[in-house]
Amino acid sequence: MIDSDGAQFASPPPPADASKTGDVLPISGQERDLVCAISFVHLACGQSARALALLRLIAHDYSQDVDLLRILTYALISEGFGDEALAVLDRLDTLDDEPSSHLPLTLLRSHALRRAGRMDEARAVFQDYVSLRGRTAPTQQQ
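Report follows, based on the coordinates. The model shown is predicted, which means the values in this text are computed figures rather than measured ones. (Residues numbered from 1 in each chain as written. Predicted model: local features only at pLDDT ≥ 70, side-chain atom pairs only at ≥ 80, totals over all residues. Heavy atoms only, no water.)

Bringing the overall build of the chain into the picture now. Along its length, the chain carries six helices and zero strands. Considering the chain as a whole, with its 142 residues, one finds that 30% of them fall into the buried category. At a minimum sequence separation of 6, the contacts of the chain that also span at least 24 residues come to 47%. Element-wise, carbon and sulfur atoms account for 55% of the exposed surface of the chain, whose accessible area totals about 9,800 Å². (Helix = DSSP H or I, 4+ residues; strand = E, 2+ residues; numbered from the N terminus. Buried < 20%, exposed > 50% of the residue type's maximum accessible area, 1.4 Å probe, protein only. Contact = heavy atoms within 4.5 Å. Areas by Shrake-Rupley, 256 points an atom, 1.4 Å probe, with all protein chains shown as cover.)

As structure tokens, this is what we get:
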């Protein structure tokens, strides 16, 4: 291959186990962790579109990964994809059996419903969130 300056360089050979049909190779767990971390930083910096693009690259391979799905849900809501976020939240409802997850996922569901334009449902779910939060809040000792 020759670049615009006339320099010649070789293209790297494809991996030995790469499929001839152009299939994408699955990424490792460490690569998945890196993508999630970078996506989280993008979200924290207000760059949800970039985070969502990265997460969509690996979401299929890690469709059962609760942590990835949580970040994906937040990115989808941030970008205004409420219906898609609701689908991911439904998947999380079946996968995430941690009791501590119920409260934050309820709040995310309220936001997803709002982004999907389902305001009455969003208000009802938010009221559920407020009720649950009131029951789980620590009591102050005097």
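The next point concerns helix H1 (residues 29-44). Here H1 spans 22 Å end to end across 16 residues, near enough to the 22 Å set by a 1.5 Å rise per residue. The inward-facing, buried residues of H1 contact helix H2 (48-59) and helix H3 (66-78). Just downstream of H1 lies Gly46, where phi reads positive at about 80°. (Expected span 1.5 Å × (residues − 1).)

This next bit is on the packing of aromatic side chains. Enumeration according to the criterion identifies one aromatic pair in this entry. Considering the side-chain rings of Phe126 and Tyr129, the 5.8 Å spacing of their centres and the 35° angle between planes classify their relative orientation as tilted. On the criterion of helical spacing, the pair formed by Phe126 and Tyr129 is a turn pair, its members being three residues apart in helix H6 (residues 119-136). For Phe126, a relative accessible area of 35% gives the class partly exposed. For Tyr129, a relative accessible area of 13% puts it in the buried group. Sitting above the plane of the Phe81 ring, Arg56 keeps its charged end 5.3 Å from the centroid. (Phe/Tyr/Trp six-rings, centres within 6.5 Å; stacked < 30°, edge-to-face > 60°. Lys NZ or Arg CZ within 6 Å of the ring centre and 35° of its normal.)

Counting through the fold element by element, Arg32 comes out in helix H1. Sequence-distant contacts of Arg32, that is, excluding residues within four places in its chain, are made with Ile27, Ile58, Tyr62, Asp65, Asp67 and Leu68.

Before going further, it helps to examine the packing of helix H4 (residues 82-95) against helix H5 (residues 102-115). One way to put it is that H4 packs onto H5 with a least axis distance of 8 Å and a crossing angle of 155°. One way to sum up the angle between H4 and H5 is to call them roughly antiparallel. Relative to H5, the crossing made by H4 is left-handed. Residues Gly82, Ala85, Leu86, Leu89, Asp90, Leu92 and Asp93 of H4 pack against Leu105, Leu108, Arg109, Ala112, Leu113 and Arg115 of H5. Residues of the contact of H4 with H5, tallied by class, amount to eight nonpolar, one polar and four charged. (Axes fitted to C-alpha atoms, helices over the stretch in contact; angles between N-to-C directions. Parallel < 35°, antiparallel > 145°, perpendicular 65-115°, else oblique. Left-handed = near helix turned anticlockwise from the far one by under 90°. Nonpolar A, V, L, I, M, F, W, Y, C, P; charged D, E, K, R; others polar.)

Keep in mind these values describe shape, not function.
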